[in-house]
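# Breakdown of the fold
Take a look at the letters that make up each chain.
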Amino acid sequence: MPPSTPEAFALRSSSDVFSPKDMLTLPRPGNPLANAAGDLALISISQYSFDDRKALAIVPLQAGLQEYRIPLPKGGDAFWLDSRTIAHVVEAEGKKQDIYTLQVTYEEGPISTGEPNLIGSIPVTTAADFRYSSPSGVLVFSAYVRADGDLEAVRANDEAYENRGNTALVYDKTFERQWDTWVGPKHKSLFSVKLYKLQNKYVLGSTFINVLKGTDLSSPVEPFGGKDDFDISDSQIIFTAKDPSLPKAWHTKQNVYIVNFDGSGLVELTSGVHGATHAPAFSRQGAKVAWLQLDEDGHESDRHKVVIHDLVKGVSFTVTQDWDRSPDAIAFSESGDFLYFTAEDTARVKVFVLPVPPTPSESTAHPKLVAPYDVPVALTTTHAASGLQVLPNGRLSFALSSLTSPKDAYVLSDLQRVEAEIMNQTPNTYRGELIQVTRFSADLLQGKSLHPGEEFWFEGATQQIHGWIITPPGYESTDVKKWPILLIIHGGYPYLFACPLSSFA
């Protein structure tokens, strides 16, 4: 009797099984980008459907109201110019990027938009990381340029390079590759350009200022740096860049600088021995800035510490020196008296708040901090937060994802009471009111069997180690039968295994 043929393996797909196809076709929302009024947010959405659909959702920042989606067949970047005007940047023919404006109509009812209006073009295809100052009418963005730093000359320089007659890459310095990216003849720089209203219509200026031209500085820092490597006030840019005096291949040290929109007045704010810096941010009053800083040059998995710099007194001081967590994004409160940030904490990414201490008399990495300035307070308890933004009227917006859902937008309100209780050191401090404002994947996940995760601790080499147990559909703790186990071990990457659901898992 011939041996039986094993049944062909097939992936299950049913109404209660979260299949690979389900995972791939889930919407991939970005972080909410709120307008100045704090009543609407832009959320980019990418959804794989064999033609890779992209859309932009305009979302009211309160529960129970309907979002409005705009298809983006060509993708692109979107940001707010004012509370009812969206700018959309999209690649166009002729190796350039066009900027369109889109008027939004919304009065706590249905949202609608007008027709897109072309307001100007950027003469490259690499412009990204857009930040806009409405009071100044200035747009700041990053783009790749060659050694001359001239944005207008990029197209001609690219054509000359492509027609040079060979494909060789010649390096005079050892930093020829970053991770999986070859270092080419271009580098990132920051640009400013006027973008202003004329007769009730926005107009893009024609003069693009490279604010880093002639400085040997490059920002955002490649290959992963983006919008989080710089911030703007109404007249200045604060940014982080690799120390130009050190060999890039052997050092991770990044300095923090401040410069005017026209490229004048460049000043370094960091000093002494330190490692990389990230996430620089202005207070709304422009009197203070803050950033994240690593102690060790050459160490990418060191702990981020929050540094505040008083621009009036010229004093820098570290405020989380003794806190055993590593923040990854920071924002000042409306008043400038509190810092809000996200940080990893026991396989979650939580939102924290810390009052800004009085500025010491001199710069120090070890100020003497007492309550309530010494320990940040967690405002969320579960899931993974990202895209933190301070809103008017004592609110925060951010995205939360979990093991059972991709990102959705949330708003945390009543921060005035939170801040007052922290300053009064009230026991069991009030954490604010958290509401969910989007449910992008609710319909697609309806009925799917997804385990929220069960945490456990086990003995490591020198300490207790945290882990997640995620059980498959149909599993019961009382089962007699054996189930196969898949063990995923953290390989040393400098971030924890947190709890967001990812279509890239």
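One structure accompanies this document, and this report is about it.

### With respect to the pairing of strand S23 (residues 288-293)
- Burial of S23 is extensive: five of the six residues sit out of reach of the surface.
- Sheet analysis places strand S22 (residues 277-282) next to S23, joined by four bridges and oriented antiparallel. In the sheet register, Thr277 faces S23, and the bridge partner there is Gln293.
- Remark: five residues form the turn of the hairpin made by S22 and S23, two consecutive strands paired antiparallel; Gly286 in that turn has positive phi of roughly 75°.
- Sheet analysis places S23 next to strand S24 (residues 305-310), joined by six bridges and oriented antiparallel. Of the residues in S24, the one forming a bridge with Ala290 is Ile308.

### Quick word on unusual backbone geometry
- Cis geometry marks the peptide bond from Glu222 to Pro223, where omega comes out at 0°.
- Going from Ala371 to Pro372, the amide bond is cis rather than trans, its omega being 5°.
- A positive phi angle, near 50°, is found at Thr346, a position not held by glycine.
- Residues other than glycine seldom take positive phi values, yet Asn393 does so here, at roughly 65°.
- Among the secondary structure elements, Asn393 is positioned in the loop between strand S30 (384-391) and strand S31 (395-402).
- For Asn393, a relative accessible area of 58% corresponds to the exposed category.

### Description of the nonpolar core
- Counting 23 residues, the largest nonpolar core has Ile122, Leu139, Phe141 and Leu151 as the members making the most contacts within it.
- Elements represented by at least two residues in this core include exactly strand S6 (77-82), strand S7 (85-92), strand S10 (117-122), strand S11 (128-133), strand S12 (138-145), strand S15 (187-198) and strand S16 (201-204).
- For this core, the element with the most residues is S12, which contributes four residues.
- Dropping the residues within four chain positions of it, Phe141 is found in contact with Ile122, Ala127, Ala128, Asp129, Phe130, Leu151, Ser189, Leu190, Phe191, Val193 and Phe208.

### A word on the environment of Gln236
- Summarising the element assignment, Gln236 is placed in strand S19 (residues 236-242).
- Given the relative accessible area of 21%, Gln236 is considered partly exposed.
- In this structure, Gln236 is in contact with Asp231, Ile258, Val259, Asn260, Phe261 and Phe282, ignoring residues within four places of it in sequence.
- Within polar-contact distance, the side chain of Gln236 engages the side chain of Asn260 at 3.3 Å.

### Comments concerning the packing of aromatic side chains
- The full count for this structure, using the stated rule, is ten aromatic pairs.
- Ring centres of Phe79 and Phe130 lie 5.3 Å apart, and the angle between their planes is 15°; this geometry places the pair in the stacked category. With Phe79 in strand S6 and Phe130 in strand S11, this pair connects stretches of sequence that are 51 residues apart.
- Overall, the relative accessible area of 4% leaves Phe130 in the buried class.
- The ring centre of Tyr430 lies 3.8 Å from the NZ or CZ of Arg417, which sits over that ring.

### Considerations on the sheet that holds S19
- The four strands lie next to each other as S18-S19-S20-S21, forming an open sheet whose pairing is antiparallel. Looking along the sheet, the strands with just one partner apiece sit at the ends: strand S18 (230-232) and strand S21 (267-268).
- The pairing of S19 with strand S20 (residues 254-260) spans seven bridges and is antiparallel. The residue bridging Ala241 from the neighbouring strand is Asn255, located in S20.

Cut-offs applied
Residues numbered from 1 in each chain as written. Predicted model: local features only at pLDDT ≥ 70, side-chain atom pairs only at ≥ 80, totals over all residues. Heavy atoms only, no water. Buried < 20%, exposed > 50% of the residue type's maximum accessible area, 1.4 Å probe, protein only. Helix = DSSP H or I, 4+ residues; strand = E, 2+ residues; numbered from the N terminus. Pairing = 2+ DSSP bridges. Core = buried A, V, L, I, M, F, W, Y, C linked by side-chain atoms within 4.5 Å. Contact = heavy atoms within 4.5 Å. Polar contact = N/O pair within 3.5 Å; in protein donor to acceptor, adjacent residues only side chain to side chain. Phe/Tyr/Trp six-rings, centres within 6.5 Å; stacked < 30°, edge-to-face > 60°. Lys NZ or Arg CZ within 6 Å of the ring centre and 35° of its normal.

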